[in-house]
Amino acid sequence: MRYHLCMEKKQLSNPKNVKFDDLIKICTKYFGTPRISGSHHIFKTPWKGDPRINIQKEGKMAKPYQVKLVLKALEKLEVKNEN
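Residues numbered from 1 in each chain as written. Predicted model: local features only at pLDDT ≥ 70, side-chain atom pairs only at ≥ 80, totals over all residues. Heavy atoms only, no water.

**Re helix 2 (residues 20-31)**
Inclusion rule: For the purposes of this entry, the term helix denotes a DSSP run of H or I that reaches at least four residues, the term strand denotes a run of E that reaches at least two, and both are numbered from the N terminus. In a helix, the anticipated span is given by 1.5 Å times the number of residues less one. Partly exposed describes any residue whose relative accessible area lies between the buried limit of under 20% and the exposed limit of over 50%, with all areas from a 1.4 Å probe on protein chains only and scaled to the type maximum. Directions are taken from the helix axis to each C-beta atom, and the arc is the one they span.
Over its twelve residues, helix 2 runs 16 Å from end to end, which matches the ideal 16 Å to within 8%, given 1.5 Å per residue. Listed in full, the buried residues belonging to helix 2 are F20, L23, I24, I26, C27, Y30 and F31. Take helix 2 and look down its axis: the buried residues cluster within an arc of 165°, on one side only. Once helix 2 ends, the next one or two residues include G32, with phi positive near 90°.

Encoded structure:
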């Protein structure tokens, strides 16, 4: 899993250049199926509180600040799985 997580983090390293569909695939892989409310895709995380994962489209791209939140969540997941 560590190798795949590194690949995903590399793919998200430029938040302004991430396609929404790619971000959905990554989030679904690590956090399960989203609950959809309007244009918001809300993912459950194995912890309470932040970082929460709530993403939206901006054209074909994901919003950069939301990509950064997903990166934080992946890092937290990585730390949690190491323990």
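**With respect to the pairing of strand 2 (residues 40-43)**
Taken residue by residue, a regular strand's side chains alternate between the two faces of the sheet. Definition in use: The criterion for strand pairing is that DSSP finds at least two bridges linking the strands in question.
Residue alternation in strand 2 divides its side chains into a buried set, H41 and F43, and an unburied set, H40 and I42. As paired strands, strand 1 (residues 35-37) and strand 2 are joined by three bridges and run antiparallel to one another. If you follow I36 over to strand 2, its bridge partner there is H41. The antiparallel pairing of strand 1 with strand 2 creates a hairpin that spans two residues between the two strands, and G38 there sits at a positive phi of about 65°. Sheet analysis places strand 2 next to strand 3 (residues 53-55), joined by three bridges and oriented antiparallel. Within strand 3, the residue paired with F43 across the bridge is I53.

**With respect to the layout of surface pockets**
The condition is simple: Each cavity reported here is a set of points on a 1 Å grid over the protein atoms alone in which a 1.4 Å probe fits but cannot get out, each pocket an open set with protein on both sides within 12 Å along at least five of seven lines, and each lining residue one with an atom within 4 Å of a point. Grid points are joined across faces, edges and corners, and a volume is the space filled by probe spheres set on the points. By the convention adopted, Pro, Cys, Tyr, Trp, Phe, Met, Ile, Leu, Val and Ala count as nonpolar, Lys, Arg, Asp and Glu as charged, and the other residues, Gly among them, as polar.
In this structure, the largest pocket occupies an estimated 200 Å³ of space. Lining the largest pocket, in full, are F31, T33, R35, I42, F43, K44, T45, G49, R52, I53 and N54. Secondary structure elements with two or more residues in the lining of the largest pocket: strand 2 and strand 3. Looking at the lining of the largest pocket residue by residue, the classes come out as four nonpolar, four polar and three charged.

**Comments concerning the pattern of salt bridges**
We count it as follows: Here, a salt bridge means any Lys or Arg side-chain nitrogen found within 4 Å of an Asp or Glu carboxyl oxygen.
For the coordinates displayed, the defined rule picks out two salt bridges. K29 is the salt-bridge partner of E8, the closest N and O atoms lying 3.2 Å from each other. Separated by 21 residues along the polypeptide, E8 in helix 1 (residues 2-11) and K29 in helix 2 bring together distant segments of the chain. Between E78 and K9 there is a salt bridge, with the nearest N and O atoms lying 3.1 Å from each other. Of the two residues, E78 is situated in helix 3 (residues 64-82) and K9 in helix 1; the sequence distance between them amounts to 69 residues. The buried category is assigned to E78, whose relative accessible area is 12%. For K9, a relative accessible area of 22% translates into the label partly exposed.

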